[in-house]
Each structure stands twice: as structure tokens, then as C-alpha cells.
Amino acid sequence: AAIGFYLLNQRAESDTGGTGAPPQGIWPAPPADPRASASVPGETTPTPTPPPAPAVAQPPSAVTPSTWAPPASEPTHWATPVVASAPVAPAPPKPPVTSVTLAVAAVVVGALFALSQLRDLNLGSSAFFGAFATACGLGLIASAFVGRARPLIPIGLVSLLGLGLAPLVDTTVDGGLGPREYIVTSEDELRPSYEVGGGYIELDLRRLNLTEDRIINVDVGAGYAEIDVPGNTNVRVNAENQFGYVDVFGRDQSGVGSSLSRSAEAGSDGPTLTINVTVTFGSAEVRRG
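The rules behind the values
Residues numbered from 1 in each chain as written. Predicted model: local features only at pLDDT ≥ 70, side-chain atom pairs only at ≥ 80, totals over all residues. Heavy atoms only, no water. Helix = DSSP H or I, 4+ residues; strand = E, 2+ residues; numbered from the N terminus. Buried < 20%, exposed > 50% of the residue type's maximum accessible area, 1.4 Å probe, protein only. Contact = heavy atoms within 4.5 Å. Lys, Arg positive; Asp, Glu negative; His and termini not counted. Salt bridge = Lys/Arg side-chain N within 4 Å of Asp/Glu carboxyl O. Phe/Tyr/Trp six-rings, centres within 6.5 Å; stacked < 30°, edge-to-face > 60°. Axes fitted to C-alpha atoms, helices over the stretch in contact; angles between N-to-C directions. Parallel < 35°, antiparallel > 145°, perpendicular 65-115°, else oblique. Left-handed = near helix turned anticlockwise from the far one by under 90°. Nonpolar A, V, L, I, M, F, W, Y, C, P; charged D, E, K, R; others polar. Core = buried A, V, L, I, M, F, W, Y, C linked by side-chain atoms within 4.5 Å. pLDDT = per-residue confidence, 0-100.

### Let's talk about the overall build of the chain
And then number 1: In terms of helices and strands, the chain carries four helices and six strands.
And then number 2: Shown N-terminal to C-terminal, the secondary structure of the chain runs as helices and strands in the order α-α-α-α-β-β-β-β-β-β.
And then number 3: Buried residues in the chain amount to 25% of all 289 residues.
And then number 4: Here the contacts in the chain between residues at least 6 apart in sequence split such that 63% fall between residues at least 24 apart.

### Some remarks on the side chain of Asp-247
And then number 1: Relative to the helices and strands, Asp-247 resides in strand β4 (residues 234-248).
And then number 2: Buried charged residue Asp-247 carries no salt bridge. Nearest counter-charge: Arg-262, at 6.7 Å.
And then number 3: In this structure, Asp-247 is in contact with Asp-252, Ala-284, Glu-285 and Val-286, ignoring residues within four places of it in sequence.

### Notes on the packing of aromatic side chains
And then number 1: If you walk through the whole model with that rule in mind, you get three aromatic pairs.
And then number 2: Geometrically, the ring pair formed by Phe-243 and Phe-281 is stacked, given 4.9 Å between the ring centres and 5 degrees between the ring planes. Pair noted here: Phe-243 is in strand β4 and Phe-281 is in strand β6 (residues 272-288), with a separation of 38 residues, a long-range link.
And then number 3: We classify Phe-243 as partly exposed; its relative accessible area is 36%.
And then number 4: A relative accessible area of 22% means that Phe-281 is categorised as partly exposed.

### Some remarks on the packing of helix α2 (residues 97-118) against helix α3 (residues 125-143)
And then number 1: Where α2 contacts α3, the axes come no closer than 9 Å and their chain directions differ by 155 degrees. As far as their axial angle goes, α3 and α2 are roughly antiparallel. Crossing of α2 over α3 shows right-handed handedness. Of the residues in α3, those in contact with Val-97, Thr-101, Leu-102, Ala-105, Val-108, Val-109, Leu-112, Phe-113 and Ser-116 of α2 are Ala-127, Phe-128, Ala-131, Phe-132, Ala-135, Cys-136, Gly-139 and Ser-143.
And then number 2: Of the residues that constitute the contact of α2 with α3, the class distribution is 13 nonpolar, four polar and no charged.

### Describing the environment of Pro-230
And then number 1: Considering the arrangement of structural elements, one finds Pro-230 in the loop between β3 (214-229) and β4.
And then number 2: Residue classification places Pro-230 among the buried positions, given a relative accessible area of 1%.
And then number 3: Taking C-alpha positions, Pro-230 is 9.9 Å from Leu-210, a pair spaced 20 residues apart along the chain.
And then number 4: Residue contacts for Pro-230: discarding those within four places in its chain leaves Leu-205, Arg-206, Leu-208, Val-235, Arg-288 and Gly-289.

### Observations concerning the side chain of Glu-187
And then number 1: Position of Glu-187 relative to the elements: it lies in the loop between β1 (180-183) and β2 (193-204).
And then number 2: Discounting chain neighbours no more than four positions away, the residues touching Glu-187 are Leu-208, Asn-209, Leu-210, Thr-211, Glu-212 and Arg-214.

### Concerning the nonpolar core
And then number 1: Ranked by size, the top nonpolar core spans 30 residues in total, and within it Leu-190, Tyr-194, Leu-203, Leu-205, Ile-275 and Val-277 carry the most contacts.
And then number 2: Every element with two or more residues in this core is listed here: β2, β3, β4, β5 (251-264) and β6.
And then number 3: In this structure Ile-275 touches Leu-205, Ile-216, Val-218, Ile-227, Val-229, Val-235, Arg-236, Val-237 and Asn-238, once residues within four positions along its chain are discounted.

### Notes on the confidence of the model for the chain
Atom-level detail of predicted coordinates should not be read off regions where pLDDT is low.
And then number 1: Residues with a pLDDT of 70 or more make up 66% of the chain, whose mean pLDDT is 76.
And then number 2: Averaged over each element, pLDDT in the chain is lowest for helix α1 (residues 2-15) (57) and highest for β3 (91).

### Digging into the pattern of salt bridges
And then number 1: Tallying each qualifying case throughout the model produces four salt bridges.
And then number 2: Across the pair Glu-187 and Arg-214 runs a salt bridge whose closest N-O atoms are separated by 3.6 Å. Placement of the pair is Glu-187 in the loop between β1 and β2 and Arg-214 in strand β3, with a sequence separation of 27 residues.
And then number 3: Overlapping salt bridges bring together Glu-226, Asp-228 and Arg-287 as one network.

Written out as C-alpha cells, the structure is:
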């Protein structure tokens, strides 16, 4: 619905020249009032000399040169000639780069969704955000040669932000919300994986006795993971944190894309428990107890 409203708004702006009103300057201005003054600032309009009054026969004693005055005349105003301006052709409409790019992006995302449903593929949200961001990037490249597509800049930035948050979205949807607590006392109770989309997860393995090598995965979307491992078992931990902090047996690593691998030997050649910890946003702590 939002994309449709945006496309309709773009079409309305192209029809009205982008101002919401018909283009100006197409028809010539109406003729000026000929009675208006045509004097230019800084110039003086010359006043014509009145014609001499006709001579009237009068007695010589009645004619006095000092009493004669010419009839008053109104000032003359010169009208400005009106020149009709040529019609101005409206500017040609710009290519709809933004509209075409959004349409192509919608088609690509829809095709990926249909493919994932028909083929039973787990593409994840990263594929959809990545395809949309790629389409916006191609539209911006095209706008450098044909028209302008400035609205694609904030749209592309939002899609890149969604691409960065895609792992969190996938883990939250798949893992659900916590808190979750697990206390494992036997090898039969040990699961191959433990996960939580958002929240807190606690895994207590201190009472576990292994008879063979085992590998488990602990995935946390956004939150905190606390894992206690047995002290009489060989343990190897591979911890990865995209944004946050990890602490394995007293050694920590923080930052973006941090990872830490450590091993704890029990002093025997017994089975080894390998724990792979992955935290997208948050922290993880592995302790030997």
C-alpha cells in the first residue's frame, strides 16, 4: 500500500510539473492599460508645447500682454506597446527511475518468496533484504545516466539496515523468546542444539558424564547465554558474537564480529564435549564448574 501511494504521488507530480498547479508562462500576459504611465524611472517625459491661442480682435486698450495665459492642458501619457510573447513549451517529464526501480525490486522479492514456497527453500530474510538493496543500487547507477532518483538513497539505506538486522530477525523468529533454562544430568538428555531468539538462556551441564564425543550448538539472537560445563570432562568451546561480548573460561573478547576459542582439559583421554556458541546481539559466558 505504501509503495502504491508513493507511485501515484510520483505520477501526480509529473502531470503537474511537480508544483501541483498547471505550468506557468505558456500564455502571453494581458495587454497593459494604455492609460497607464509609460515613464521609465530616472527619465522625464517631455511635455509638448501648447499651440498659440488664436488672435481675437479687441480694442487696443484691452490687450495687456501680462494678463494673457494659454489654456491649461492635461499631461500626455505614452502607452507602452504590447508585444505578445511566444508560448513556452513545458519541460519534458523525467524518466520514472524511482518508480521503475521499486517495481523491479517488488517483483524480485515476490519471485524469491514464491520460489521459497514452491521449492521449500529456507532463504531467510537476508536474501530478501539483499535482493531489495541490490535493486536499489542498480537503480541509483541507472539514475546517474538517465534522470535522477534521489528518493532511492534513503530507501537503499533502510534496506541495508534491514540486511544487517536480518540474522537477528531469523533467529528471533526461529528460536522464540526466553528465558529458557536447561539442566542436563545424563547423556540421553543432551540435545544437539539449544536456541533462543530473544532473551536469556541458561544451560547447566555440570552433572553430565559423557561416554563418547559430543557436539552441541547454542544460538542466541538477542540476549545473554550462560553455560556451565562439567569439570571432569574435556571441553572445547568455539564462541562467536557479531555485536557484543563473549567470555570463555575467564578470557573475554568484545567488539563487532568477535570470536574466541578455548579448551579445558580434564587430565585424561576421555571423551570431549565441543560447544559452538553463536550470539548475534548480546553476550555469552562459558564457565567451568
